[in-house]
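Commentary on secondary and tertiary structure
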Amino acid sequence: MNAADLSENQAPVAFTLNGQPVQAAPGESLLKVAQRLGVAIPRLCHTDGLRSPGNCRACVVEVAGERVLAPSCCRAPQPGMVVSTHSPRARAAQKTVLELLLSDAPDTQALKHDSELVYWAQAAGAQPARFPARAPVPSDTSHPAMAVNLDACIQCTRCVRACRETQGNDVLGLAFRGGHAQIVFDQGDPMGASTCVACGECVQACPTGAIAPANGAYAQASQQQVDSLCPFCGVGCQLTYHVTDGKIEHVEGQAGPANEGRLCVKGRFGFDYAHSPERLTRPLIRLADAPKDPASVMRRDWRELFREATWDEALDAAAAGFQRAMASTTARGRLGPVAGFGSAKGTNEEAYLFQKLIRSAFGTHNVDHCTRLCHASSVAALMEGLGSAVVTNPLRDVQHADFMLIIGANPAQNHPVGATWIKNAVKKGARLVMADPRRTELARFAWKHLGFQPGTDVALLNAMLHTIIFEGLANTAYIEQHTLDFAQLKAHVADFSPEAMAPVCGIDAATLREVARAYATAGNSMILWGMGVSQHTHGTDNARCLIALSLITGQIGRPGTGLHPLRGQNNVQGASDAGLIPMVLPDYQRVSEPAVRAKAEQLWGVPAGTLGSEPGLTVVEIVNAAFDGQIRAMLVQGENPAMSDPDATHAREALARLDHLVVQDIFLTETASLADVVLPATAWPEKTGSVTNTDRCVQLGRKAVPAPGEARADAWITEQLARRLGLGWAYGVGPDGTASAQASEGVGAVFEEMRALMPSIAGLSWARLQREGAVTYPVAHENDPGHAVVFTDQFPTPTGRATLVPAALTPPAEMPDADYPMVLITGRQLEHWHTGSMTRRSQVLDAVEPGPVVSLHPDTAARSGLAAGDDALVQSRRGSVVLAVRLDQGMPPDTAFIPFAYAEAAANLLTNPALDPLGKIAELKYCAVNVRAATL
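Residues numbered from 1 in each chain as written. Predicted model: local features only at pLDDT ≥ 70, side-chain atom pairs only at ≥ 80, totals over all residues. Heavy atoms only, no water.

**Some points on the overall build of the protein**
For clarity, the cut-off: For the purposes of this entry, the term helix denotes a DSSP run of H or I that reaches at least four residues, the term strand denotes a run of E that reaches at least two, and both are numbered from the N terminus. The quantity called the radius of gyration is restricted to C-alpha atoms. Its globule counterpart is 2.2 Å times the number of residues to the power 0.38. To sort residues, take the accessible area from a 1.4 Å probe on protein chains only and compare it with the maximum for the residue type: under 20% means buried, over 50% means exposed, and anything in between is partly exposed. Per-residue accessibility takes into account occlusion by the displayed protein chains alone, with areas from the Shrake-Rupley method and a 1.4 Å probe.
Regarding its fold elements, the protein presents 29 helices and 39 strands. Here the C-alpha atoms of the protein give a radius of gyration of 29 Å, agreeing with the 30 Å that 2.2 N^0.38 yields for 936 residues. Overall, the C-alpha framework of the protein stretches about 90 × 70 × 65 Å when taken along its three principal axes. Considering the protein as a whole, with its 936 residues, one finds that 63% of them fall into the buried category. Accessible surface, the protein: about 32,600 Å² in total, of which carbon and sulfur atoms supply 51%.

What follows is the structure in C-alpha cells.
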C-alpha cells in the first residue's frame, strides 16, 4: 500500500521501528517516520516535494516476515509491522547500492560540493571503485545556463519528475534500457537545442551535480545564504541568494507560499544584472553642451552626456530644479508643473515615500506608475463593481478549481511559476479554457482554446453571459443576496446571443455555449486574466464582463473561484496599495474624500489643504502635458517611459521638452539619457523592504550584497530630496539599503507609518513581518492570520453588494485598412522582462534570447514574402522598426507579435496611445501595422 493511499481521516498507525514502538501519521511513509524520529536512512531518488518512485533502492529497510527488502520512501507502515532500518541485511544492501552508484558516478563532489551521493556513501561506509566504472559520457555544455554531466548521473529520475510533474514542461525523460539507460532532453537533443525553458528545476533537484549551473557555482560552498524574493514578475517567488565575496553565485528556490521552491529562468539565472559593469555608481549631472536628443536614446557612454557629481551636489541640483518649476507658476493640482512616475519594481516603502513626496512637496496628485499601462482598467472595473481592486483569490487556488478560464494572458511566458500550478491542476482533472487570439504554451493543456479575433473580448464574454442567463444557469439566490442591477445586465445581453456574436468574435456558437455552461455548472470556477484583457480602449468593459460572469454564477468568495488579474511586475500590487495612483491615496482611498485627505495631512504633518480633491493626471496624460509644456519638471524612479509608453517617439519628445528631469535608476536607461540629474540607485538584492505579490501577500525582501560604488537606496534618495524641498522627514533611512529591526527608525518607521494609513495591513507590524516573512492581507489586527480569499460574505461597498455593469461592444480605436492591414499585439516573453533594462544585462537571459523578433504565422509570412530569419519592416502610423521574423503556428492570421524589451526595435514606437475612457490605460494590445520585407 502506498503512503499516498492513506486517507487523512485514518487514525495513526502503530508499529515497531528498530525495536521501539512508534506511530505513523496518516500519509507518512516509513522514511518520513524515520526522518521525524531522527533515524538516518540513505536516500537518493527521494526528495521532499517530489513523488517517491523507490527506484534507487538506497533506502531499503527490512520488514519482519517479508522475503525482500522494502524501499522506505514509498512504503506505508501497517499496524503491527516490525521494521529495521539498520539490520545487517538492510545495511549491506544500502551499502552495496551506494557502491554501485559510486562506480557509475565517481567524482560527483567535484561538480557539487554537497553531493548527496558522497554524503550517504560516507555515512554508510561505502567504498569507491569496488565495481568497474561505466564508459565515460561527454559533457553537454550547449546551454548558456546549465551544464549536463551524465558521468555524474545516477538515474534517480529526480530531474525527470521535477521537469514533468512539478514544472509540467515534459522535456526530460529516461531513454533506452538496462545498462544503456540515460536521461535525455526531448528526443536525445543537446540541452541547448531542446525545448527546455531553463527553469532549472532539474538543477535544484539533482543530487549529484549531473545537471548544474554552467558557471560551476555548485563546486564550492557559498560564503553566505540570504533568503529573499525574486525581483521580476508578480508571482512573488521566495528564493535564497548564495553569495561569495559580495557577489551572487547562484540562486535556489525557497518554500514560499507562492512557489514552494519553484523558480523560472529569470528568477534562477537572471540575477547577474545586479553585477553588470553598466551599473550607475555615481550621481550624474547633465553637461551644459549636451542637448537632449529624443531621437538618440539608445545606450551611450554616459561621459558624452553627463559629468560625475557628489551626492550633495546632485541632490541640491535636483531639488533646485523642482523649486524653479514650482516658482514658475501659481497653479497647483492637475495644473501644477511637477509630476512623478514611481516604480513597481521597488519596495512598498519606496512607493509610499515617493507618492508622499510628490503630494506633500508639490501639492499635486500627478503621481502614477506602470499599473496605468497594465491593469488600470481592471482596477477601475473592480473598484466600480466590487468596491475593491484586489484579487479575490490567490493564484495557487487553481488547485481547488474544477474549471479555469484564462483570457488575455500567457502565464507560461509571463508568470511561469504560476503556470506550473495551472498545469498541475489540469493533470489532477481541472478543465482549462484558454481564450486568446494567440495559441500559447498553455493551450496544449487546455480543454478548449478560444482563438477569438483580436479586440472582440466583449462579444465573446457577453455571449457567455447571455447563455448563462437565458439558459437558466445563473445562481439566482446569490444574485438576489449579493448583487445589484441584474435586470439591467439581463436586458443588455439579450441581444448578445452566441449565434449573433460568433461572426464577430470568430468562435462558433456551439463552442461559446459549451464553455459558458461548463463555467456556470462547475463546482468551482476561477477566472484569471492579463494585459490582453486590460490594454484596450475597452479594457474596463472587458473586465466588467469577467466580473459579471463571476457574480451571476456565484463563482466568488470560495477557494477555487473568483477573479485574479495577474499582476505584472514584482510589486505592482504593493505600489498600487501604497498610493502610487493619481486618484487615490494609500489603500485606494479616494482623494475626493475630505476625511481621507485630512487623515493623511495630519499623519504627514503638512498644512490642511495641501492635498487637493482633484485627481491627478495619469501616465499618458502626464506625458501629453509635458509635451504641451504644462508639466515642466518630473521625478522618475525606476521607470522607463521612453521605452514603456505607447507612441514612444512622442513620449521621448515630451521628456526632452521638460525643463527639469530627475531619474533614479540602476542603469542609464533610455529615459535616464534625457535627464538633467541621474541618481544611482540600489538594485533589488542590495536592499531590504517589503513587497506585495499578485496574491496580496506582503513579503520581506532582504539585502544580500553591497551596492556598487556610491549607489544609494531609493528610499534614502527620496528622503534626502524631501528634506531639501522643505519637508521635515526624519525616518533615518539607511543609504546602503540596510534596514533596522527597530520599527522606530529607517525602513521600519516608514512601514509603520504606511500601515497607519492603510486599514488592509493595520495588523501587520514591522516586527511581525520580520518574524513571519509573508502575510496575506487583509489583516485587521496583530492576531489576524490574514485572508487568502475575500468577499466571502459581502463586498466593501455601501450596500455590501456588488454592482453588475453592462459592457458595450466597441471596436478598437484603430482598425486595419488597406495601408495597415495587420494587427499588432505586443507583450513580454519568457526570458526578458518589461523594457529589458535588467534582463538584457543578464548574460544568461540575453544569450538565450539575444535579439528582437516579430512572430508571424507561416502563411501570413509567406504572403508577405518573408521566411524565418528574414528582416521585416513593421510600420504603424506612428513609427517603424526592423527586426527578424520568427514563424509561429500559434499566431492568428494577419497578426504580428512583438515583445517590447528591445530598445533597438522598440515595439512602443508603433503602439497607439488612445486611452480607455475610465481606466486611462493605453491600447497597447491593438494597433494597425504593415509588415513587409526590409530593404537594405
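So, next bit.
**Re the sheet that holds strand 30 (residues 774-776)**
The criterion, for reference: DSSP calls a pair of strands paired once it identifies at least 2 bridges connecting them. Angular values range over 0 to 180 degrees, each being the angle between N-to-C directions of two axes fitted as lines to C-alpha atoms, with helices fitted over their stretch in contact. Contacts were defined at the residue level, with two residues in contact if any of their heavy atoms lie within 4.5 Å.
Reading across the sheet, the three strands line up as 28-29-30 and stay open at both edges, with antiparallel pairing between neighbours. Bordering the open sheet on either side are strand 28 (689-692) and strand 30, each of which pairs with just one other strand. Shown here is a sheet whose adjacent strand axes are inclined to one another by a mean of 25°, direction ignored. Bridge count for strand 29 (residues 697-701) against strand 30 is three bridges, and the pairing is antiparallel. Each bridged residue has a counterpart across the sheet, and for Cys697 the counterpart in strand 30 is Thr776. Strands in contact with helix 9 (residues 348-362) are strand 28 and strand 29; relative to strand 28, the strand with the most contacts, it is inclined by about 90°.

**What about the sheet that holds strand 19 (residues 448-450)?**
Strands sit in the order 19-18-17-21-22 across an open sheet of five strands; the sheet is parallel. If you trace the sheet from one side to the other, it starts and ends with strand 19 and strand 22 (562-565), each paired once. Each adjacent strand pair in this sheet contributes to an overall mean axis angle of 15°, direction not counted. Packing against the sheet, helix 10 (residues 376-386) makes contact with strand 21 (525-529) and strand 22, and its axis sits at approximately 155° to strand 22.

**Focus on the nonpolar core**
Selection criterion: Residues grouped as a nonpolar core are buried Ala, Val, Leu, Ile, Met, Phe, Trp, Tyr and Cys residues, joined through side-chain atoms within 4.5 Å.
Counting residues in each nonpolar core, the largest one holds 165 residues, and the members touching the most others are Leu386, Leu546 and Leu549. Leave out the neighbours within four places in its chain, and Leu386 touches Ala381, Thr392, Ile547, Leu551, Ile556, Leu563, Phe791, Phe795, Pro796, Thr797 and Ala802.

**What to know about the packing of helix 13 (residues 457-470) against helix 19 (residues 539-552)**
Operational definition: For classification purposes, an angle smaller than 35 degrees is called roughly parallel, one larger than 145 roughly antiparallel, one from 65 to 115 roughly perpendicular, and anything else oblique. By convention, the crossing between two helices is left-handed when the near helix turns anticlockwise from the far helix through less than a right angle, and right-handed when the turn is clockwise.
Contact geometry for helix 13 and helix 19: axes closest at 9 Å, N-to-C directions at 20°. In this view, helix 13 runs roughly parallel relative to helix 19, as classed from their interaxial angle. The element helix 13 and its partner helix 19 pack so that their crossing is left-handed. For the pair formed by helix 13 and helix 19, the contact residues are Asp457, Val458, Leu461, Asn462, Met464, Leu465, Ile468 and Ile469 on the first element and Asp541, Asn542, Cys545, Leu546, Ala548, Leu549 and Ile552 on the second.

**A closer look at the packing of aromatic side chains**
So the rule is basically this: Side-chain rings of Phe, Tyr and Trp (the six-membered ring for Trp) are treated as a pair once their centres are within 6.5 Å; stacked means planes under 30 degrees apart, edge-to-face means over 60, and tilted covers the remaining angles. The criterion is that NZ of a Lys, or CZ of an Arg, lies within 6 Å of the ring centre and within 35 degrees of the ring normal, and then a charge sits over that ring.
A full pass over the atoms with the stated rule returns nine aromatic pairs. Geometrically, the ring pair formed by Tyr119 and Trp120 is edge-to-face, given 4.9 Å between the ring centres and 80° between the ring planes. Residue Tyr119 is classed as exposed on the basis of its relative accessible area, which comes to 52%. Since its relative accessible area comes to 8%, Trp120 is described here as buried. Both rings, one in Phe403 and one in Tyr519, keep their centres 5.8 Å apart while their planes meet at 75°; by these two values the pair is edge-to-face. Taken together, the positions of Phe403 in strand 17 (residues 403-407) and Tyr519 in helix 17 (residues 509-521) put the pair 116 residues apart, joining distant regions of the chain. Sitting over the face of the ring of Trp421, Arg396 holds its NZ or CZ atom 3.9 Å from the ring centroid. For the cation-ring pair, Arg841 lies above Phe667, with the distance from its terminal atom to the ring centre recorded as 4.1 Å.

**A short note on helix 5 (residues 158-166)**
Because the α-helix completes a turn every 3.6 residues, residues three or four places apart line up on one side. When you tally the buried positions in helix 5, you get seven out of nine residues, the bulk of the element. Gly168 sits one or two residues past helix 5 and shows a positive phi near 70°.

**Things to note about the packing of helix 2 (residues 88-104) against helix 4 (residues 116-124)**
Counted only if it meets this: Throughout, the ten residues Ala, Val, Leu, Ile, Met, Phe, Trp, Tyr, Cys and Pro are labelled nonpolar, Asp, Glu, Lys and Arg are labelled charged, and all others, Gly among them, are labelled polar.
With their axes 10 Å apart at the nearest point, helix 2 and helix 4 run at an angle of 135° to one another. Between helix 2 and helix 4, the angle falls in the class oblique. Between helix 2 and helix 4 the crossing geometry is left-handed. Along its contact with helix 2, which presents Lys95, Leu98, Leu101 and Leu102, the element helix 4 presents Leu117, Trp120, Ala121 and Ala124. By residue class, the composition of the contact of helix 2 with helix 4 is seven nonpolar, no polar and one charged.

**Some words on the environment of Val203**
For Val203, the location among the structural elements is in helix 6 (residues 201-205). A C-alpha to C-alpha distance of 37 Å links Val203 and Leu824, two positions 621 residues apart in sequence. Setting aside residues up to four positions removed in sequence, Val203 forms contacts with Met146, Ile211, Ala212, Pro213 and Tyr218.

**Points about the side chain of Arg696**
Note the threshold: In this tally, Asp and Glu contribute negative charge and Lys and Arg positive charge; neither His nor the terminal groups of the chain are included. For this analysis, a salt bridge means a side-chain nitrogen from Lys or Arg found within 4 Å of a carboxyl oxygen belonging to Asp or Glu. Polar contacts, as used here, are pairs of N or O atoms within 3.5 Å; protein pairs need one atom able to donate a hydrogen and one able to accept it. Residues neighboring in sequence count only if both atoms are side-chain atoms.
By the secondary structure assignment, Arg696 is in the loop between strand 28 and strand 29. The charged side chain of Arg696 is buried without a salt bridge, its nearest counter-charge being Asp695 at 7.5 Å. A polar atom in the side chain of Arg696 sits 2.7 Å from the backbone oxygen of Val391. A polar contact is formed between the side chain of Arg696 and the backbone oxygen of Tyr777, at a distance of 2.4 Å. Once you skip the residues sitting within four places of it in the chain, Arg696 turns out to touch Val390, Val391, Thr392, Asn393, Val775, Thr776, Tyr777, Pro778, His787, Ala788, Val789 and Val790.

Just geometry here; none of it tells us what the structure is for.
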